[in-house]
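# Structural overview
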Amino acid sequence: MAATVVLLGTLDTKGPEYAYLRDQIAESGCEVVMVNAGVLGDPAYPVEFGREEVAAAVGADLAALVEAADRGAAVTAMAAGAAVLVRRLFDEGRLHGILGAAGSGGTAIISTAMRSLPVGVPKMLVSTLGASDTRPFVGTTDIAMMYSVVDIAGINPISAEILGNAAAGIAAMAVFHAGREAPVGGRPLVGATMYGATTACVDHARRRLEEAGYEVLVFHATGTGGRSMEALMASGHITACLDVTTAEVLDEVAGGVFTAGPDRLEMAGRLGLPQVVTVGAADMIAFSPPETLPPGWAGRNLYIHNPFVTLVRSNAEECDRLGRVMAEKLSAATGPLTVFIPLRGTSSYGVEGGVFHDPEADRALFDSLRRHLDPSVELVEMDTDINDPVFAEAMAGRLDEHYRGWLGEPLGT
C-alpha cells in the first residue's frame, strides 16, 4: 500500500501552489488527497474533499458563511470541520502524513486540523508565521513549522525551493510512517520532567525505572514540556508520572517565562494516575535575556544560564506561595501520590556553594508544603540534595510501588 499524504489548505486562494505541492509529492510515489478549506471558491482542478464537505463535517452552512463575509467566523468553522475530516481520514487509514502551506488564516485552519491527529503522525506546515511565536499553532503536538520566507503567492525561484523541500520531506515521512508496524503491548510509559540542573536525578531515576520494566519519556520543563506531558496523560499514553522538575509551577506563580499555565500539576491527580512529585528547580525563575527582566528585578540574584535564558533566584515569599499552590493542587489528587523534599537543595545551583544556595528560601518552601499538604498525602523528607543518587533511587522505587499497587498485578518486563 502506498503512503497517502493529505494536502489541506485554502485552495480558493492557493490553488496553483497546492497543485505544485501535489505534483511534487506524487513524483515521490505517494498518493495525494486534497482538501479545500477555503470558503470563497474552488481551484481549477478537482479535489477529493471540497469546501462544502469541510463545512458539513461540523454542520456549518457554507452559503451562510459566504454571505456573512465574516472572515473570523469562516476560519473558525472551517478549522473545526477540517479537524473532523482529517481525523476521520486518519482513522480510516487514509492519512500517513499531512502538509499545508498558508498565511495567517490558513495557518489557523491547518494547525487546528493537525492538532487533532496523534503524536507521531507526520505533520508539516509551511507558513508565513513560521519564524514567529509558533506556540499557539503547535500546541502540544509535533507539528513541524517551516518559515515560507516569501508569501504563499505564486511559484517563483524561492517558493519553488521551499515548497519542494516541504513536499519531499512530508513524502519521506509519510512513507516511513506507513511502513511502521503498530506496537503491540509495550512497556508502561512514565512521564518525567527535567532541567539541566536536575538532569542527574532524572537520569538515575530513569535507569532504575527502565530496569523495572518501564519506558520513561523525559520532558524539558520549559512550559511546553509540561503541557506536552500532561496532554499525553489525557490521551492515555502516559500512565504514571515522575514530576521531578516543577519549576513550571514556580514560573506561573512568580511570572517567569517557562510557565505551563495555571492547570499544571493537576492532570495526573485528576486522572488518578500514580505520581511521585518533588520541588526540582524551585530555586530558579526563568526569564529571557537580562534586558527583558521586569522593572525592579535587576537587583535580584541573577545567573545567565545562556544568552537566551536568565535565571533569578526565588525568594522566601515566592517559595512560600509555590509551596501553597503545589500543596493545593496535589491535595486534590485522586490517585497514588508521594511528595519528596530534598532538604539540601532543589537543583545543582541550590546546593551549598552553588550560586542559588539560600537555606532561608528553601525553608519557606518546605514549611509551606508541610503546612498546606493534606495529611493524607505521603510526604517524604530526605537529608540529601535532589541530584543525590539515593534521592533519585527512593523516588523511582516509590513510583514503582505505586504503579504496581495501582495496576493490581506484578509489572511484566
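Each value, and the rule that gives it
- Residues numbered from 1 in each chain as written.
- Predicted model: local features only at pLDDT ≥ 70, side-chain atom pairs only at ≥ 80, totals over all residues.
- Heavy atoms only, no water.
- Buried < 20%, exposed > 50% of the residue type's maximum accessible area, 1.4 Å probe, protein only.
- Helix = DSSP H or I, 4+ residues; strand = E, 2+ residues; numbered from the N terminus.
- Pairing = 2+ DSSP bridges.
- Right-handed = clockwise from strand over helix to strand, strands pointing away.
- Axes fitted to C-alpha atoms, helices over the stretch in contact; angles between N-to-C directions.
- Parallel < 35°, antiparallel > 145°, perpendicular 65-115°, else oblique.
- Left-handed = near helix turned anticlockwise from the far one by under 90°.
- Contact = heavy atoms within 4.5 Å.
- Nonpolar A, V, L, I, M, F, W, Y, C, P; charged D, E, K, R; others polar.
- 1 Å grid on protein atoms, 1.4 Å probe; cavity = no way out; pocket = protein on both sides within 12 Å on 5 of 7 lines; lining within 4 Å.
- Points joined across faces, edges and corners; volume = space filled by probe spheres on them.

Further remarks concern the pairing of strand S1 (residues 4-9). Counting buried positions over the six residues of S1 gives six, a clear majority of the element. By the bridge criterion, six bridges tie S1 to strand S2 (residues 31-36) in an arrangement that is parallel. Looking at the pairing, Leu-7 lines up with Met-34 of S2. Following the backbone out of S1, through helix H1 (residues 15-27) and into the adjacent parallel S2, one traces a crossover that is right-handed. Bridge count between S1 and strand S3 (residues 97-102): three bridges; the pairing is parallel. Following the sheet pairing, Val-5 is matched in S3 by Gly-97.

Relative to each other, H1 and helix H7 (residues 157-179) sit at 45°, their axes nearing to 9 Å. Taken together, the axis directions place H1 and H7 in an arrangement best described as oblique. Two packed elements cross with a definite hand, and for H1 against H7 that hand is right-handed. Of the residues in H7, those touching H1 at Glu-17, Tyr-20, Leu-21, Gln-24 and Ile-25 are Ala-160, Leu-163, Gly-164, Ala-167 and Ile-170. Taken together, the residues of the contact of H1 with H7 break down into seven nonpolar, two polar and one charged.

Take the layout of surface pockets next. The volume enclosed by the second largest pocket comes to roughly 370 Å³. If you trace the second largest pocket, you find 22 residues lining it, with Thr-10, Asp-12, Leu-40, Arg-71 and Val-75 closest to the centre. Counted by class, the lining of the second largest pocket contains 11 nonpolar, seven polar and four charged residues.

Taken in spatial order, the three strands line up as S10-S12-S11 in an open sheet, and their pairing is antiparallel. What marks the edges here is a single partner per strand, and that holds for strand S10 (284-287) and strand S11 (302-306). Taken over all neighbouring pairs, the strand axes of this sheet differ in orientation by 30° on average, direction set aside. Both S11 and strand S12 (residues 309-313) contribute to a ladder of four bridges, which runs antiparallel. If you follow Ile-304 over to S12, its bridge partner there is Thr-310.

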